[in-house]
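Observations on the three-dimensional arrangement
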Amino acid sequence: MSTDTKTVTYASYLDLDRLLAAQHPSSDRHDELLFILIHQTKELWLKEIIHEVRLAKRLVRSGEVEPAYKALARVSRIQSIMTLSWDVLATMTPADYMSFREGLGTSSGFQSWQFRTLEYLLGLKDASFLAFQDEGSAPMAELKGALEAPSLYDDALSRMAAHGLAVPDEVLNRDVSQPYAPSPAVEDAWLAVYRDTARYWELYQLAEKLVDLDDALLTWRHKHVLTVERIIGGKPGTGGTAGAAGGGYLQRTLQRRCFPELWSLRTRL
């Protein structure tokens, strides 16, 4: 059944009635609307990022590496916008936030299933985050699917092997639901790519696109930590998280790398 495009309006196409009615502050405090909108916007951008990363995965896995560059470049641009959004949230003072914080209850960004899905898609596998979703729910299914499937990095390593580079079988055939462990042999393979870029041009360009993603994710995390510290200092976050306190979860995330050998090889070049 075709849609009569003559009846489509800007508001109906974008479903603005539902979109603009989706903000439900728990208080009458002015800044709570900003807090809600920042996080809702983040979730919308995460939806698009996941959409693009899944396209890139399919393309890389099928050997269409160059067409994947566009999707990965788009993700990096979106990541930049998401990082800048912390500056908007940082206009909210500690007093502003504390005036409505109690209404957040046990909710926390820690529970964002889309963010965890993205981490899984990029190769940061940690099954403990499944505990934050309801068994049998759609988010749980999405998370489990991403956890148990090869990551974008796994797809890239498979392409390296297809190019004849020495990626160990134990890496190619590992349990992809487990955290990835850096491999000296994989670092050697990437080093070969970087030392002969003309021969391995598509892999070299893919590697740099992956570093762009990892760099942007780390920048986002760093700005997140600073924003949290600016607004709540070292207090625990909602939902019982450790907040920005030294050694807490947010600080530890700054050490995580989705594509570790792409960072470590640089010392050897």
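Residues numbered from 1 in each chain as written. Predicted model: local features only at pLDDT ≥ 70, side-chain atom pairs only at ≥ 80, totals over all residues. Heavy atoms only, no water.

1. Observations concerning the overall build of the chain
If you tally the helices and strands in the chain, you get 13 helices and zero strands. Along the chain direction, N to C, the helices and strands of the chain fall in the order α-α-α-α-α-α-α-α-α-α-α-α-α. Viewed in the frame of its principal axes, the chain has a C-alpha envelope of about 60 × 55 × 35 Å. Buried residues in the chain amount to 45% of all 269 residues. (Helix = DSSP H or I, 4+ residues; strand = E, 2+ residues; numbered from the N terminus. Buried < 20%, exposed > 50% of the residue type's maximum accessible area, 1.4 Å probe, protein only.)

2. With respect to the packing of aromatic side chains
Pairs of aromatic rings are described using the distance from one ring centre to the other and the angle between the two planes. The full count for this structure, using the stated rule, is twelve aromatic pairs. Ring centres of Tyr153 and Tyr180 lie 5.3 Å apart, and the angle between their planes is 85°; this geometry places the pair in the edge-to-face category. One end of the pair, Tyr153, is in helix H8 (residues 152–162); the other, Tyr180, is in the loop between helix H9 (169–172) and helix H10 (184–195), with 27 residues separating them in the sequence. Overall, Tyr153 belongs to the buried group, its relative accessible area being 1%. Taking the relative accessible area as the measure of exposure, Tyr180 reaches 14% and is therefore buried. Joined through ring pairs, the aromatic side chains of Phe35, Tyr97 and Phe100 make up one cluster. The ring of Phe110 is capped by Arg116, whose NZ or CZ atom sits 5.0 Å from the centre of that ring. One cation-aromatic arrangement involves Lys209 over Tyr69; the distance from NZ or CZ to the ring centre is 5.3 Å. (Phe/Tyr/Trp six-rings, centres within 6.5 Å; stacked < 30°, edge-to-face > 60°. Lys NZ or Arg CZ within 6 Å of the ring centre and 35° of its normal.)

3. Some remarks on the environment of Gly63
Looking at where Gly63 falls in the secondary structure, it is placed in the loop between helix H3 (32–61) and helix H4 (65–89). Since its relative accessible area comes to 25%, Gly63 is described here as partly exposed. Spatially, the C-alpha atom of Gly63 lies 9.5 Å from that of Asp155, the residues being 92 residues apart in sequence.

Worth remembering: the numbers are spatial, not functional.
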